[in-house]
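Each chain is listed here by its residues.
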Amino acid sequence: MKNEFDRSELLRRVTEARAKDGNERVRTITKRVVADLFKTIEEFEVKPVEFWAAMQWLSRLGASGQIGLITAGLGFDRLLDILEDEADARAGLAAGTPRAIEGPLYVPGAPQSEYEARLDNGKMPGSVYVMEGTVRDIEGNPLPGAVVDVWHANEKGAYSHFDPSQEPYNLRRRIVTDAQGRYRFRSVLPPGYAIPPDSPTSELFDLLGRHGNRPAHIHFLVSAGGKRALTTQVNIPGDTYIDDDFAFATRDGLVVTLEEVPAQGGYESLGIDFAFTRIRFDFKLQPAAGEQDALHLGRYERAVAPSAA
Ligand code: MBD
Ligand code: FE
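Residues numbered from 1 in each chain as written. Chains lettered and ligands numbered in written order. Predicted model: local features only at pLDDT ≥ 70, side-chain atom pairs only at ≥ 80, totals over all residues.

Caption draft 1: Here's a closer look at the overall build of the protein. The secondary structure content of the protein amounts to 8 helices and 13 strands. Summarising its shape, the C-alpha atoms of the protein cover approximately 85 × 45 × 30 Å along the three principal directions. Burial statistics for the protein: of 309 residues in total, 28% are counted as buried. The contacts of the protein with a sequence gap of at least 6 include a subset with a gap of at least 24, amounting to 72%. (Helix = DSSP H or I, 4+ residues; strand = E, 2+ residues; numbered from the N terminus. Buried ≥ 20, exposed ≤ 12 C-beta atoms within 10 Å, placed from the backbone. Contact = placed C-beta atoms within 7 Å.)

Structural data, given as structure tokens:
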């Protein structure tokens with residue numbers, strides 16, 4: 001009878017079996033997750049057809065590249081930010097520009113320039129804007145040589161590299177701040193984002209009765225020597241979804257003001273001799289807690305596989 005057992009013995013065997021060392025943290029967390037899922041299946045009397053429909057959905061989700069959409073929509077990305085904010089508050093580090101989620105659409109290696117850049121290729125319809133400001137430390141001192149990595153959607157809410165109709169790095173740039181810590185860039189105001197229809201993500205959101213819209217936003221990864229790299233977003237005011245973001249990324253301190261300014265000198269190098277929209281925004285970076293903290297890395301570049309020791 002040694003291969004006949006009940007479900008608690010099955011769980012024990014799944015989670016306690018060990019032929020070599022493995023990684024204790026991975027073992028412990030896997031044990032908890034499997035135990036919670038066994039319990040969910042038992043309590044809700046999940047049937048084989050339901051379980052296999054879910055696994056088939058997961059397979060399609062992975063193949064579609066939408067795992068990062070689901071994590072955002074189910075609140076995991078914001079959860080991680082809340083936990084980091086709480087850790088900062090406990091450590092007395094809660095200062096600087098608030099963090100906001102990276103989202104699934106960052107691409108490293110955007111074209112880099114000093115002080116200023118134009119993000120759009122001249123074909124995007126909409127309102128021309130200039131965003132400008134200074135990167136500072138939490139005392140307010142300007143940080144020359146900081147890197148402002150910026151990315152946003154086109155007029156359809158789509159991002160280059162994920163939308164084959166756009167050229168590589170469209171609406172993505174890295175700008176190095178000047179001797180006064182200043183940056184500025186020209187682009188076209190993006191609209192909001194909606195999850196793709198007829199996709200694994202929209203299937204789940206339909207079943208949950210939830211919408212999949214994000215308000216108009218601009219993403220940033222900002223870093224400077226000795227400072228903690230900041231991943232954040234700013235929101236463009238007036239969007240229907242500004243307080244109802246499906247990814248829960250709007251933050252009160254990050255809704256910018258749009259200033260309609262007349263044609264003026266000073267913007268010739270950005271090709272602007274007409275009235276435009278201006279956004280002023282300074283980034284404030286915390287001190288880095290260690291070298292890792294200061295690295296200019298997206299979340300997947302930063303993530304490390306646990307070593308099997
Ligand atoms: C986005 O543009 C985004 O920023 C997030 C977090 C999720 C989906 C699309
Ligand atoms: Fe986005």
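Caption draft 2: Region of interest: the nonpolar core. Ranked by internal contacts, the top residues of the largest apolar core, which has 31 residues, are Val135, Val148, Val150, Phe185, Val222 and Leu285. Elements represented by at least two residues in this core include exactly strand S3 (128-137), strand S4 (147-151), strand S6 (182-188), strand S9 (217-223), strand S10 (230-235) and strand S13 (283-285). Leave out the neighbours within four places in its chain, and phenylalanine 185 touches Glu116, Ala117, Arg118, Leu119, Val130, Met131, Val150, Arg173 and Ile175. If you look at the next biggest cluster of nonpolar residues, it comprises 9 residues, including Ala72, Ile101, Ile195 and Phe246. (Core = buried A, V, L, I, M, F, W, Y, C linked by C-beta atoms within 7 Å.)

Caption draft 3: Expanded view of the packing of helix H1 (residues 7-16) against helix H2 (residues 24-43). The contact between H1 and H2 brings their axes to 10 Å, and the two run at 160°. One way to sum up the angle between H1 and H2 is to call them roughly antiparallel. As for the relative orientation of H1 and H2, their crossing is right-handed in sense. Judged by residue contacts, Arg7, Leu11, Val14 and Thr15 of H1 engage Lys31, Val34, Ala35 and Phe38 from H2. Residues that form the contact of H1 with H2 fall into these classes: 5 nonpolar, 1 polar and 2 charged. (Axes fitted to C-alpha atoms, helices over the stretch in contact; angles between N-to-C directions. Parallel < 35°, antiparallel > 145°, perpendicular 65-115°, else oblique. Left-handed = near helix turned anticlockwise from the far one by under 90°. Nonpolar A, V, L, I, M, F, W, Y, C, P; charged D, E, K, R; others polar.)

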